[in-house]
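# Commentary on secondary and tertiary structure
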Amino acid sequence: MYGMVNIAVQRFVCAREGLRTWREIAEAAESPSTFSPFTEYDDRITYALCTQSSARLGLELGAFLRVLGRYWVEGVASIEYANILESANGDFSRFVMGLDHMHERMRTNFPNYDPPAFRVKRMSSDAASRVELQVDYYSRREGLLPFVEGIFEGLGTYFNVQISITHVEQTELPCRRMLIACQRENRGNASSAATTAS
């Protein structure tokens, strides 16, 4: 995958534990300690960095990936991809429903980009405040569902909505199905929530 996820791991670890710890983690993972966002790296490097980082921070791998997903939004996407987040005009469900389109647009800068796919369906709506989305998550990469869940939680914070994620068992499709219920909070707009989160 491209280097931005590895950069997110690096920033997160450095913020929590400092540069020395990060360098030790990179060495243990047999990984470079710096990355370019426009360079492709073997997935093995990303998995190794996450495994070593979670062990060093005393977290289960799934818990680490979920925290990293939240950090991806508040510490990376809200800075590096602010224009993409802002294009949803403060609407969480609109942003989630446009994920596949966003990934297609990113292929302009990342020609070999191999993102997950999201098939999103609006299931119910309570006036303008509460929405339930069915999200089918497809990916050839194993084990990254907690990272995706953390991203959705981080997006909830950014867009100022409370979300809950429920998994739905299904065998008809090669995907993981989630129901995401989101309720807008009454405390300012999305940009103020992002400022608070950062």
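What counts, and at which threshold
- Residues numbered from 1 in each chain as written.
- Predicted model: local features only at pLDDT ≥ 70, side-chain atom pairs only at ≥ 80, totals over all residues.
- Heavy atoms only, no water.
- Helix = DSSP H or I, 4+ residues; strand = E, 2+ residues; numbered from the N terminus.
- Expected span 1.5 Å × (residues − 1).
- Buried < 20%, exposed > 50% of the residue type's maximum accessible area, 1.4 Å probe, protein only.
- Contact = heavy atoms within 4.5 Å.
- Pairing = 2+ DSSP bridges.
- Axes fitted to C-alpha atoms, helices over the stretch in contact; angles between N-to-C directions.
- Core = buried A, V, L, I, M, F, W, Y, C linked by side-chain atoms within 4.5 Å.

Under the 1.5 Å per step criterion, the end-to-end length of helix α8 (residues 145–158) is 20 Å for 14 residues, consistent within 8% with the ideal 20 Å. Of all 14 residues that make up α8, 13 are buried, and the element is covered over most of its length.

By secondary structure assignment, the location of Ala29 is in the loop between α2 (19–28) and α3 (43–57). Separated by 72 residues in sequence, Ala29 and His101 place their C-alpha atoms 34 Å apart. Ala29 has contacts with Arg44, Ala48, Leu49 and Gln52, leaving out every residue within four places of it along the chain.

Glancing now at the sheet that holds strand β4 (residues 176–184). Here four strands make up an open sheet; going across it, the order is β1-β2-β4-β3 and the pairing antiparallel. What marks the edges here is a single partner per strand, and that holds for β1 (117–126) and β3 (161–168). Shown here is a sheet whose adjacent strand axes are inclined to one another by a mean of 20°, direction ignored. Inspection of the sheet shows β1 paired to strand β2 (residues 130–138) by nine bridges, in the antiparallel sense. The residue bridging Ser124 from the neighbouring strand is Glu132, located in β2.

One can find Glu149 in helix α8. Among all residues touching Glu149, those that are not within four sequence positions of it are Arg66, Ile165, His167 and Met178.

What follows concerns the pairing of β2. Two elements, β2 and β4, share eight bridges in a ladder whose sense is antiparallel. By the bridge assignment, Val135 is partnered in β4 with Met178.

This paragraph deals with the nonpolar core. Of all hydrophobic cores here, the largest spans 59 residues; its most connected members are Trp72, Phe92, Phe95, Phe152 and Leu155. Ranked by the residues each element gives to this core, the list is headed by helix α4 (residues 61–80), at eight residues. Among all residues touching Leu155, those that are not within four sequence positions of it are Val73, Leu85, Phe92 and Phe95.

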